[in-house]
Amino acid sequence: MTINRRAALAAPFVLAAGRSDAGAQTAAFPNRAVRIIVPYTPGGVSDITARLIAEPLAAAWGQPVPVENRAGADGVIGTEAIAKSPPDGHVLGLVSVGHPVNAAFYRLPFDTMRDFSFVTQTTSTPLVLCAAKGFAASTPAELVAHAKRNPGVTFAGTSGVVRLAPVLFAQRAGVEMTYVPYRGSTQAHPDLMAGRVDVMFDTVPAALPHLQSGALKALATTGAKRAPQLPDTPTVAEAFMPDFEASTWGMVIAPANLPAPVLAKLNADCAAALRRPEVVERHRTLGAEVVTSAPGEARRFCEAEMRKWGDAARKAGIQPQ
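Residues numbered from 1 in each chain as written. Predicted model: local features only at pLDDT ≥ 70, side-chain atom pairs only at ≥ 80, totals over all residues. Heavy atoms only, no water.

Caption draft 1: Representation of the overall build of the protein in the model. Along the protein, the regular secondary structure elements total 12 helices and 10 strands. Viewed in the frame of its principal axes, the protein has a C-alpha envelope of about 85 × 45 × 35 Å. Considering the protein as a whole, with its 321 residues, one finds that 50% of them fall into the buried category. Considering only intrachain contacts with a sequence separation of at least 6, the fraction spanning at least 24 residues in the protein is 78%. A total accessible area of about 14,600 Å² is found for the protein, and carbon and sulfur atoms account for 55% of it. Both charge centroids of the protein, one from 31 positive and one from 26 negative side chains, sit 4 Å from each other. (Helix = DSSP H or I, 4+ residues; strand = E, 2+ residues; numbered from the N terminus. Buried < 20%, exposed > 50% of the residue type's maximum accessible area, 1.4 Å probe, protein only. Contact = heavy atoms within 4.5 Å. Areas by Shrake-Rupley, 256 points an atom, 1.4 Å probe, with all protein chains shown as cover. Lys, Arg positive; Asp, Glu negative; His and termini not counted. Charge placed at Lys NZ, Arg CZ, Asp CG, Glu CD.)

Okay, structure coming up:
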């Protein structure tokens, strides 16, 4: 009984100390520069997002926020560097949908979920299903009908979700389409416009100039709602396949086991930076919508994306290399 009474008396002080430690962690963070590692080359949406939020974060924290591009192996090299950094919040990463998708293609030197803290989603950018102006189909339903009548319809693919979106579409539509690999959209577009390859699920910003010029036509977009740049183009979901969605997106991550107060502060401050009007508008010009989320929501979203694209890859016979 004496022991229990002492424990009971001590408990409030233990709890208070715990709260004090948590508050101290938050108050002390950050106490030096916070690096944002972007595992891709400069100029992409992830890189632009990182640079757009770095300035308001630096102003809020009173610390430098340098952005470091560490590209290679479809983002694996930079993402590994994030995973192996100290879990104190002073190293962040800004990754894309390639983060969960890479697990379908590569034997990774880290665990996609366990080795990271998930701070917030940053953006969502739909793809556009496009084809040459003279291609036989002009809607997703017409494409499926054409593919059933003409086995051997081809799709241009690069990597990640641009590679897997047509795979998922074909699986759900019950048709066969043949993958034609390209290193990037720039390399694929001439063949697409010339009709040497039939269709492509490309990012809206990459395809938009050719859609505007009339060299390509949009059959549908792949987001949850219509793309602002293509307001007259229906989504795949509304035109043909209600449960279909395939988007590229961005997310702020950090090493696993980030202290909860630090994670909460990062979430709040990154979300505030993302919601600044000039940041929202700059992303709109890129075809991207700013999206923020709580850490738990961000983690669940990434898990769901990993399952969706991993299942599509396995059904297509794609094995991690």
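Caption draft 2: Region of interest: the pattern of salt bridges. Evaluated as defined, the whole model comprises 15 salt bridges. The partner of glutamate 305 in a salt bridge is lysine 308, with the nearest N and O atoms 3.3 Å apart. Note that glutamate 305 and lysine 308 are positioned in helix α12 (residues 295–315) at a spacing of 3 residues, about one turn of the helix. The buried category is assigned to glutamate 305, whose relative accessible area is 8%. What makes lysine 308 partly exposed here is its relative accessible area of 21%. (Salt bridge = Lys/Arg side-chain N within 4 Å of Asp/Glu carboxyl O.)

Caption draft 3: Region of the structure containing the environment of threonine 120. Relative to the helices and strands, threonine 120 resides in strand β4 (residues 116–132). A residue is classified by how much of its surface remains accessible, and threonine 120, at 0% relative accessible area, is buried. Considered as a pair, threonine 120 and alanine 294 are 174 residues apart in the sequence and their alpha carbons are 5.9 Å apart. What threonine 120 contacts, discounting residues up to four positions off in sequence, is Met251, Val252, Asn267, Cys270, Leu274, Thr292, Ser293 and Ala298. A distance of 2.9 Å separates a polar atom in the side chain of threonine 120 from the backbone nitrogen of serine 293. (Polar contact = N/O pair within 3.5 Å; in protein donor to acceptor, adjacent residues only side chain to side chain.)

Caption draft 4: Examining the layout of surface pockets more closely. The computed volume of the largest pocket comes to approximately 1,200 Å³. Contributions of two or more residues to the lining of the largest pocket are made by α2 (45–61), α4 (98–105), β4, α6 (160–173), α7 (185–194), β7 (199–203), α8 (204–213) and β9 (247–255). It is α6 that contributes the most residues to the lining of the largest pocket, 4 residues altogether. Of the residues that constitute the lining of the largest pocket, the class distribution is 15 nonpolar, 20 polar and 5 charged. The volume enclosed by the second largest pocket comes to roughly 420 Å³. If you go around the second largest pocket, you meet 24 residues; those closest to its centre are Ser124, Pro126, Ala224, Lys225 and Glu289. (1 Å grid on protein atoms, 1.4 Å probe; cavity = no way out; pocket = protein on both sides within 12 Å on 5 of 7 lines; lining within 4 Å. Points joined across faces, edges and corners; volume = space filled by probe spheres on them. Nonpolar A, V, L, I, M, F, W, Y, C, P; charged D, E, K, R; others polar.)

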